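An overview of the molecular structure
Chain by chain, the residues:
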Amino acid sequence: MPRTPEVKPSILRPGGKAPEFTLHTTPDQTVSLKDFRGRPVVLAFYPADWSPVCADQMGLYAQVMPEFKKFEAEVLGISVDGIWSHLAFSKDRRLNFPLLADFEPKGAVSRAYGVYESRTGESARALFVIDPKGTIRWSFLSPDGVNPGADGILSALEKLE
Amino acid sequence: MAKTYLPPKLTLPVGERDHAEGAPKAPVVLVEYGDYQCPYCGAAYPVVKRVQKELGSELRFVFRNFPITNAHPFAEWAAETAEAAAAQGEFWPMHDFLFENQRLLGDDAPFARAEAKLGLDVARVEREVAQKAYLPRIEEDFLSGVRSGVNGTPTFFIDGVRYDGPAEFEALVAELRRRPGRSR
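Notes on the structure follow. Not measured: the values here are computed from a predicted model.

Take the overall build of chain A next. Per the secondary structure count, chain A includes four helices and nine strands. The linear arrangement of helices and strands in chain A, starting from the amino end, is β-β-β-α-β-α-β-α-β-β-β-β-α. Relative to the 2.2 N^0.38 estimate, which gives 15 Å for 161 residues, the radius of gyration of chain A is 15 Å and therefore close to what a compact globule would have. By principal-axis analysis of the C-alpha atoms, chain A measures approximately 50 × 35 × 30 Å.

Right, dumping it as structure tokens:
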């Protein structure tokens, strides 16, 4: 198999406009970033559904949701998994926010945010806090294998106030 | 741009409010955020016991609640039970019993028997659990964990710095001996 050149993702920095997107969350429903204008949005890119830990990144955010809601923030999980995987994963982990399928063309939104790992064909673990006007106010690319938790997101949301 | 990665730090310092085992003036403090129903915490439980034995008076161990109730329907009940036992001076025996009997969660009877054996007022424990008497404390633990970078269970902090290594005996002992928080 030919070796694809490794392209290190270069994550979008705060201050710029968040790239628009529309992605499927169920077979007949899509979610667009612009739907949430007027509210802060947390974008949580993650490598894959079904990581083998119980309180994984998405499960943690579901548990922390009451804190995010204090800022009226919307949380959107994004990975390259397809909608059927997302639906099963979401049900299994009792997630209370949408998971978006960055599936076709694969990883396009992850690439637009500079968080696509071409080596693995997955999104990196990366977080963005977008303000009510659609500007990126905080971004974080997690080191390999480290689940970032929710502390950075909450601090960034606090600073929007 | 690539600054060195620094793990998050404990935002609520260890203090009087905490359940702690080991010498009060021990040079190293290990804090665990855990969930009594989480199988990974169950697996870490004997590891921590071994680590405590290995380090003896060198180590102080603190347990804080981080129940993942979305995934674990009995996690909050278990946390309430341990806190109710704490109110009668028996936190650690109940903490240990819960982890040693994790598979029995969901059936109250064996836990009531354990409470009786510890000499606790079982009716009081049951009343307090039913009233969620210790929920504010459990929520305070949980939120302090969220703000400190707890990213799943168990999450450990050594001298107030999140430990991102495996919950294994050798790795934990090595890191505790290195004392990463010392230079702060």
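Let's pick the thread back up.
All right, on to the interface of chain A and chain B then. Between chain A and chain B, the contact holds 25 residues from the first and 24 residues from the second. Contact between chain A and chain B buries roughly 1800 Å² in total, counting both sides, with carbon and sulfur atoms accounting for 59%. Taking the shortest distance from any N to any O, the salt bridge between R147 of chain B and E158 of chain A comes out at 3.0 Å. For the interface between chain A and chain B, the tally reads seven residue pairs in polar contact (both at pLDDT 80 or more). If you list the elements that add at least two residues to the side of chain A that touches chain B, you get α1 (57–69) and α4 (151–160) of chain A. In terms of residues, the side of chain A that touches chain B owes the most to one element, α1 of chain A, which gives five residues.

Residue and element names in this part refer to chain B. Read from one edge to the other, the open sheet built from five strands follows the order β1-β3-β2-β4-β5, with strand pairing classed as mixed. Looking at which strands have only one partner, the edges of the open sheet turn out to be β1 (19–21) and β5 (161–163). Looking at each pair of strands side by side, their axes are set apart by 30 degrees on average, direction ignored. Looking at chain direction, β1 and strand β3 (residues 59–65) are connected through three bridges and run antiparallel. Counterpart to A20 in the pairing with β3 is V62. Helix α6 (residues 135–148) contacts β1, β2 (28–34), β3 and β4 (155–158) of the sheet and is inclined by roughly 110 degrees relative to β3.

Another point: the packing of helix α2 (residues 75–87) of chain B against α6 of chain B. Residues and elements named next belong to chain B. Where α2 contacts α6, the two axes come as close as 10 Å, and the packing angle between them is 115 degrees. The orientation of α2 with respect to α6, classified from their angle, is roughly perpendicular. As α2 packs across α6, the resulting crossing turns out to be right-handed. Between α2, through E76, A79, E80 and E83, and α6, the contact on the second element is made entirely by L135, R137 and I138.

Attention now moves to the pairing of strand β3 (residues 41–45) of chain A. Residue and element names in this part refer to chain A. Most of β3 is tucked away: five of the five residues are buried. Burial of the side chains of β3 extends over both faces: V41, L43 and F45 are buried on one face and V42 and A44 on the other. Taken together, the five bridges between β3 and strand β4 (residues 74–79) define a ladder with parallel strand orientation. Within β4, the residue paired with L43 across the bridge is L76.

Residues and elements named next belong to chain B. Summarising the element assignment, P73 is placed in the loop between β3 and α2. Look at P73 and you get exposed, because its relative accessible area is 53%. Along the chain, P73 and E168 lie 95 residues apart, while their C-alpha atoms are 27 Å from each other.

Parameters and conventions
Residues numbered from 1 in each chain as written. Chains lettered and ligands numbered in written order. Predicted model: local features only at pLDDT ≥ 70, side-chain atom pairs only at ≥ 80, totals over all residues. Heavy atoms only, no water. Helix = DSSP H or I, 4+ residues; strand = E, 2+ residues; numbered from the N terminus. Rg over C-alpha atoms; globule rule 2.2 N^0.38 Å. Contact = heavy atoms within 4.5 Å. Buried area = accessible area lost by both parts, 1.4 Å probe. Salt bridge = Lys/Arg side-chain N within 4 Å of Asp/Glu carboxyl O. Polar contact = N/O pair within 3.5 Å; in protein donor to acceptor, adjacent residues only side chain to side chain. Pairing = 2+ DSSP bridges. Axes fitted to C-alpha atoms, helices over the stretch in contact; angles between N-to-C directions. Parallel < 35°, antiparallel > 145°, perpendicular 65-115°, else oblique. Left-handed = near helix turned anticlockwise from the far one by under 90°. Buried < 20%, exposed > 50% of the residue type's maximum accessible area, 1.4 Å probe, protein only.

By themselves these figures say nothing about function.
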